[in-house]
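Chain and residue survey
Below, each chain spelled out in residue letters.
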2 protein chains.
Amino acid sequence: MYKHILIAVDFTEDDRLIEGRAVKMHEFTQAKLSLIHVIEPMPSIYGDSYGVYMQPEVNLNEKATSMLKPIAERLHIPAVNIATPSGNVSHEIIDYSDENNVDLILMGSHGRHGLRLLLGSTANAVLHHAKCDVLTVRVSD
Amino acid sequence: MYKHILIAVDFTEDDRLIEGRAVKMHEFTQAKLSLIHVIEPMPSIYGDSYGVYMQPEVNLNEKATSMLKPIAERLHIPAVNIATPSGNVSHEIIDYSDENNVDLILMGSHGRHGLRLLLGSTANAVLHHAKCDVLTVRVSD
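Residues numbered from 1 in each chain as written. Chains lettered and ligands numbered in written order. Predicted model: local features only at pLDDT ≥ 70, side-chain atom pairs only at ≥ 80, totals over all residues. Heavy atoms only, no water.

**Quick look at the overall build of chain A**
Let me state the cut-off plainly: The numbering of helices and of strands both runs from the N terminus, where a helix is a DSSP run of H or I of at least 4 residues and a strand a run of E of at least 2. Each residue is assigned to one of three classes by its accessible area relative to the maximum for its type, calculated with a 1.4 Å probe on protein chains only: buried under 20%, partly exposed between the two thresholds, exposed over 50%. The contact criterion used is simple: two residues touch if any of their non-hydrogen atoms lie within 4.5 Å. Method for areas: the Shrake-Rupley scheme with a 1.4 Å probe, in which residue coverage is limited to the protein chains shown.
Of the regular secondary structure elements, chain A holds five helices and five strands. Scored against the burial criterion, the 141 residues of chain A give a buried share of 50%. Expressed as a percentage of contacts within chain A between residues at least 6 apart in sequence, the contacts between residues at least 24 apart total 77%. As displayed, chain A offers around 7,200 Å² of accessible surface, 54% of which is attributable to carbon and sulfur atoms.

**Notes on the confidence of the model for chain A**
Under the convention used in this document: Per-residue confidence from the predictor is given as pLDDT, running between 0 and 100.
Scored by pLDDT, chain A comes out at a mean of 85, with 79% of its residues at no less than 70. Predicted complex metrics record ipTM = 0.86 and pTM = 0.87.

**Brief notes about the environment of B:Asn61**
Residues and elements named next belong to chain B. Short version of the rule: Residues adjacent in sequence count toward polar contacts only when both atoms are side-chain atoms; beyond that, a polar contact is any pair of N or O atoms within 3.5 Å, and within protein one must be able to donate a hydrogen and the other to accept it.
Summarising the element assignment, Asn61 is placed in helix α2 (residues 60–74). Overall, the relative accessible area of 34% leaves Asn61 in the partly exposed class. Each residue touching Asn61, except ones within four places of it in the same chain, is listed here: Ile39 and Thr84. Only 3.0 Å separates the side chain of Asn61 from the side chain of Thr84, close enough to count as a polar contact.

**What about the packing of helix α1 (residues 15–29) of chain A against helix α2 (residues 60–75) of chain A?**
All names here are of chain A. Rule in force here: The convention used is that axes are lines fitted to C-alpha atoms, helices contributing only their stretch in contact, and that angles between N-to-C directions extend from 0 to 180 degrees. Here is the rule for angles: anything less than 35 degrees is roughly parallel, anything more than 145 is roughly antiparallel, 65 through 115 is roughly perpendicular, and the remaining ranges are oblique. By convention the crossing between two helices is left-handed if the near helix lies anticlockwise of the far one by an angle smaller than a right angle, and right-handed if it lies clockwise. Here the nonpolar group is Ala, Val, Leu, Ile, Met, Phe, Trp, Tyr, Cys and Pro; Asp, Glu, Lys and Arg are the charged ones; every other residue, Gly included, is treated as polar.
Relative to each other, α1 and α2 sit at 25 degrees, their axes nearing to 11 Å. The pairing of α1 with α2 is recorded here as roughly parallel in orientation. Viewed along their axes, α1 and α2 form a crossing whose handedness is right-handed. Residues Asp15, Arg16, Glu19, Ala22 and Val23 of α1 form the contact with α2, whose participating residues are Ile71, Arg74 and Leu75. Classifying every residue of the contact of α1 with α2 gives four nonpolar, no polar and four charged.

**Quick notes on the interface of chain B and chain A**
Our working rule: Two parts placed together each lose some accessible area under a 1.4 Å probe, and adding up what both lose gives the buried area. Salt bridge, as used here, is a side-chain nitrogen of Lys or Arg placed within 4 Å of a carboxyl oxygen of Asp or Glu.
Contacts between the two partners involve 24 residues from chain B and, on the opposite side, 24 residues from chain A. Regarding the contact of chain B and chain A, the summed buried area is about 2,200 Å², with carbon and sulfur atoms giving 55% of it. Three residues, B:Met1, B:Phe28 and B:His128, lead the burial of chain B against chain A; their summed loss comes to 28% of the area buried on that side. Our count for the chain B to chain A interface comes out at two salt bridges.

**As for the sheet that holds strand β1 (residues 4–8) of chain A**
As a reminder, the rule being used: We call two strands paired when DSSP finds no fewer than two bridges between them.
Sheet architecture is open: 10 strands sit in the order β3(A)-β2(A)-β1(A)-β4(A)-β5(A)-β5(B)-β4(B)-β1(B)-β2(B)-β3(B), paired in mixed fashion. The open sheet has two edge strands, β3 (82–83) of chain A together with β3 (82–83) of chain B, and neither has a second partner. For strand β2 (residues 32–36) of chain B and β3(B), the ladder comprises two bridges, and the chain directions are parallel. Across the sheet, B:Leu35 pairs through a bridge with B:Ile82, a residue of β3(B). Contacting β1, β2 (32–36), β4 (104–108) and β5 (133–137) of chain A together with β5 (133–137) of chain B, α1(A) crosses the sheet at an angle of about 155 degrees to β4(A).

**Here we look at the packing of aromatic side chains**
As a reminder of what qualifies: Any pair of Phe, Tyr and Trp rings, taking the six-membered ring for Trp, is counted once the centres come within 6.5 Å. Such a pair is stacked with planes under 30 degrees apart, edge-to-face with planes over 60 apart, and tilted for the rest.
Under the criterion given, the structure shown has one aromatic pair over all chains. On the basis of an interplanar angle of 5 degrees and a centroid distance of 4.7 Å, the ring pair of A:Phe28 and B:Phe28 is categorised as stacked. Of this pair, A:Phe28 sits in helix α1 while B:Phe28 sits in helix α1 (residues 15–29), on two different chains. Just as A:Phe28 is buried, B:Phe28 falls in that class too.

Here is the structure:
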């Protein structure tokens, strides 16, 4: 059914749920898996997923890549299929999907900011613009 | 992975795509399948999916049920797992899912009204409120 599944993670506890679904969907489909984490350029006022809030000199790209490594290892995803673009989360996920013939995007149903009622969630934005199927995994609020 | 998949159809040509995904997901998961079509109480200004625009006396519920029959037969869904509630589409899908322990909602990514930019799509509304995973199938605009 699906040939290329893109797994979007955001370094929250929800990633384990998403990873579990990815394992199952891969079992079912034998699809190629890719992994993406989008680095948001603006520092979050609610905290910092990278643990480098006070150290702006740290290379966020390297940090994100090293945080993706254990997930990629568990899912047997080679480095060439891992992306850590910077920018707007939904735009980057859509761009990667379009450029790499992704036919299923797998992601959590919530952003981590708690502002989704105001701004709309990342999942909603992806759904709105995706040219492929989207499987949103229900994660905690 | 999934034990009860709810398939939401809207009697457009997109239903065939959704049905195809349902067949595959059932193959993968052996989940119980249920089928829903929500009857919108307001007549559409853009047309009429039921073909009864000029015959308001026709029972829409019966009409919808008979239109669901061939889909249900192809998917081997018994009558007891078919629902044709009337009301707001996303609310009814969510209510059915909550009341029947649905763990995956399978639906098209677009409403059929062409107003989704203004009003938000049905899929977005479902995604926003669902307590389970949602697989949105990319359908034509």
